[in-house]
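Listed here are the chains, written in short residue letters.
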Amino acid sequence: MDEDLLLENSQKLQAVLPSVKDKSKPSAATSYTIGGVKVEFPVKAYPSQISMMTKESRVSHSEYVSDYQEDLSLDSSSMADSSSEDLNSTLFSTQHDISMQEEAGGTLNFVPERVRIPAVSKIFYGTRTHKQITQIVRELRKTVYKDGLRMTILSSRKHTCINDEVLKAKENINDLCQELKETEGKNCRHLTSFKKILPQEMGGKNILPNLFDIEELVTLGRKHSSCPYYVARELVNNADIIFCPYNYIIDPLIRKSLELNINKSIILLDEAHNIEDVSRDSASGSFDLNDINNTLQVTLIPYRVSKIFYGTRTHKQITQIVRELRKTVYKDGLRMTILSSRKHTCINDEVLKAKENINDLCQELKETEGESNRWYRKDRTPMSIKYTLHFWCLNSGLVFSDIRESARSVILTSGTLAPVDSFQSELGTQFPIKLEANHVIDKDQVFIGVLGQGPQNIPLQALYKNTLVGDV
């Protein structure tokens, strides 16, 4: 009975769904003319992919047609993997920059009067994880642009360090690496020879291929004892495309430490629905009392006032001086103490009865274990209270404005950017070019149904008790 029911449902499903053979898959590489430029796409593009490349071409060429930069917001929730069209549309724009530069010396009758011929822009491709970078490099290798490109991948020392002694530390790899770099006679052997695998024009032996992922970079680094971390950083200056986690681009402190110049660059951020949080986090910070005190010590050194020791002949005179001090305008900002003998400050009645040897008795009680010393206890644990000062940035546009004003073009792609209006408001940026693409799957290829029970006629209910049941 159950087998008959399954067979019947299968036949119904086959009747609703079109044959897979009727829907051709993307085929071999195809050429498209987008924005007046020939684009070589590694497969036959879907209509939504062509729309996406068309929008991106407008953004990438915005400086050729106007004096203001343009930003693009792409909601690609309904599209296939967008890494191919992102790369191709941006790469052909860069190639178009080069061809226009080559022709700049001749007659360009077709170019508007406001045309500017800038240097070829660097492309910063930001992703959320290093795994996504590996996938993007794999897609890049499928394009016709792969041979003429120069690239690098920026990542943390955690992913690229090959010094086994440093790696043992796990927690403070950055500090140990920096210490080896700055200490004479202790330099990391991989750092001293890191240029070996660089291209010849950078003083190397051209061992590193022009396209690589992090794993390949680390493997070559180990084989030739060349530090992958500093190889990747050295390649930044000559690279056409720089792949990195997108907090490297957004966080101004990371950009400064890595000396990344995003001025007039093309910034493409994938999975951009996290950009708001990353922007807010990069402008936020937490500081404990030690951080604050250390900062104050450094900041206030030029203004530090010397301690004042005020000696008197009797304690009665000290009382008079304190009384007069309370009348001054300086009383609220002063910190003071009074040093005197135990005769004047001891409050232990048993010790005070001795009168003559108060100091000895006090010291004896201090060094004696037990309950006899209720005023002074060496084993008393002070209350531990940790104070932390938090600065929380609530406006993501504060950080993103720096990127908007510096970059030539900003392209954001994600599956969950909609509604775009609120997204623009959060980032404090208007995106004049927007695309919410259609799905690559036709409606007649989609079947929606509900399964209320399993083959054993057991209702499918997401309850804990049902997890104890066997086959449903």
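Residues numbered from 1 in each chain as written. Predicted model: local features only at pLDDT ≥ 70, side-chain atom pairs only at ≥ 80, totals over all residues. Heavy atoms only, no water.

## Concerning the overall build of the protein chain
- What the protein chain contains, in helices and strands, is 21 helices and eleven strands.
- In the protein chain, which comprises 472 residues, the proportion classed as buried is 37%.
- In the protein chain, once contacts between residues fewer than 6 apart in sequence are set aside, the share between residues at least 24 apart is 70%. (Helix = DSSP H or I, 4+ residues; strand = E, 2+ residues; numbered from the N terminus. Buried < 20%, exposed > 50% of the residue type's maximum accessible area, 1.4 Å probe, protein only. Contact = heavy atoms within 4.5 Å.)

## Describing the packing of aromatic side chains
- Taken as a whole and assessed by the stated rule, the structure comprises five aromatic pairs.
- Note on Tyr-125 and Phe-243: the rings are 5.6 Å apart at their centroids and 45° apart in plane angle, and the pair reads as tilted. Of this pair, Tyr-125 sits in strand β4 (residues 123-127) while Phe-243 sits in strand β6 (residues 241-245), and the two are 118 residues apart along the sequence. This pair shows no difference in class: Tyr-125 is buried, exactly as Phe-243 is.
- Ring plane angle 55° and centroid distance 6.4 Å describe the contact between Phe-194 and Tyr-230, whose orientation is recorded as tilted. Placement of the pair is Phe-194 in the loop between α9 (189-192) and α10 (214-224) and Tyr-230 in helix α11 (residues 228-234), with a sequence separation of 36 residues.
- Assessed through its relative accessible area of 12%, Phe-194 is described here as buried. (Phe/Tyr/Trp six-rings, centres within 6.5 Å; stacked < 30°, edge-to-face > 60°.)

## Regarding the pattern of salt bridges
- Applying the stated rule across the entire model yields eleven salt bridges.
- The salt bridge involving Arg-280 is made with Asp-277; its shortest N-O contact spans 2.7 Å. Linking Arg-280 with Asp-277, this pair stays in helix α14 (residues 275-282), spanning three residues, or about one helical turn.
- Judged by its relative accessible area of 18%, Arg-280 is buried.
- The network of salt bridges with shared partners includes Asp-277, Arg-280 and Glu-426. (Salt bridge = Lys/Arg side-chain N within 4 Å of Asp/Glu carboxyl O.)

## Some details on the environment of Pro-252
- Within the secondary structure layout, Pro-252 lies in helix α13 (residues 252-258).
- Judged by relative accessible area, Pro-252 falls into the partly exposed class, the value being 36%.
- With 147 residues separating them along the chain, Pro-252 and Val-399 place their C-alpha atoms 7.9 Å apart.
- If sequence neighbours within four positions are ignored, Pro-252 has contacts with Ser-282 and Val-399.

## As for the packing of α14 against helix α21 (residues 420-427)
- Running from N to C, α14 and α21 cross one another at 10°; their axes reach a closest spacing of 10 Å. Considering the angle they form, α14 stands roughly parallel to α21. Along this stretch, α14 crosses α21, giving a crossing that reads as left-handed. The residues of α21 that touch α14, namely those facing Ile-275, Glu-276 and Arg-280, are Phe-423, Glu-426 and Leu-427. (Axes fitted to C-alpha atoms, helices over the stretch in contact; angles between N-to-C directions. Parallel < 35°, antiparallel > 145°, perpendicular 65-115°, else oblique. Left-handed = near helix turned anticlockwise from the far one by under 90°.)

## Notes on the state of the cysteines
- The full count for this structure, using the stated rule, is zero disulfides.
- Its sulfur unpaired, Cys-161 is 6.0 Å from the next cysteine sulfur, which belongs to Cys-177.
- On the basis of relative accessible area, Cys-161 is assigned to the buried category, the value being 14%. (Disulfide = S-S within 2.5 Å.)

## Focus on the pairing of β4
- With five of five residues buried, β4 lies mostly within the body of the structure.
- Taking every second residue as pointing to the same face, both faces of β4 are buried, with Ile-123, Tyr-125 and Thr-127 on one and Phe-124 and Gly-126 on the other.
- Bridge count between β4 and β6: five bridges; the pairing is parallel. For Phe-124, the partnering residue across the bridge sits in β6 and is Ile-242.
- The pairing of β4 with strand β7 (residues 266-269) spans four bridges and is classified as parallel. By the bridge assignment for β7, Gly-126 is matched with Leu-269. (Pairing = 2+ DSSP bridges.)

## Remarks on unusual backbone geometry
- Phi is positive for Lys-264, close to 60°, though the residue is something other than glycine.
- Of note, Lys-264 is situated in the loop between α13 and β7.
- The backbone of Glu-271 shows a phi angle near 50°, a positive value even though the residue is not glycine.
- Mapped onto the fold, Glu-271 is located in the loop between β7 and α14.

## Comments concerning the confidence of the model for the protein chain
- Per-chain confidence: the protein chain averages 76 in pLDDT, with 75% of residues scoring 70 or above.
- Residue range residues 63-70 is modelled with pLDDT below 50. Its contacts to residues more than four positions away, or to other chains, number 32 contacts.
- Here residues 76-82 scores under 50 on pLDDT; set against residues more than four positions off or in separate chains, the count is 24 contacts. (pLDDT = per-residue confidence, 0-100.)

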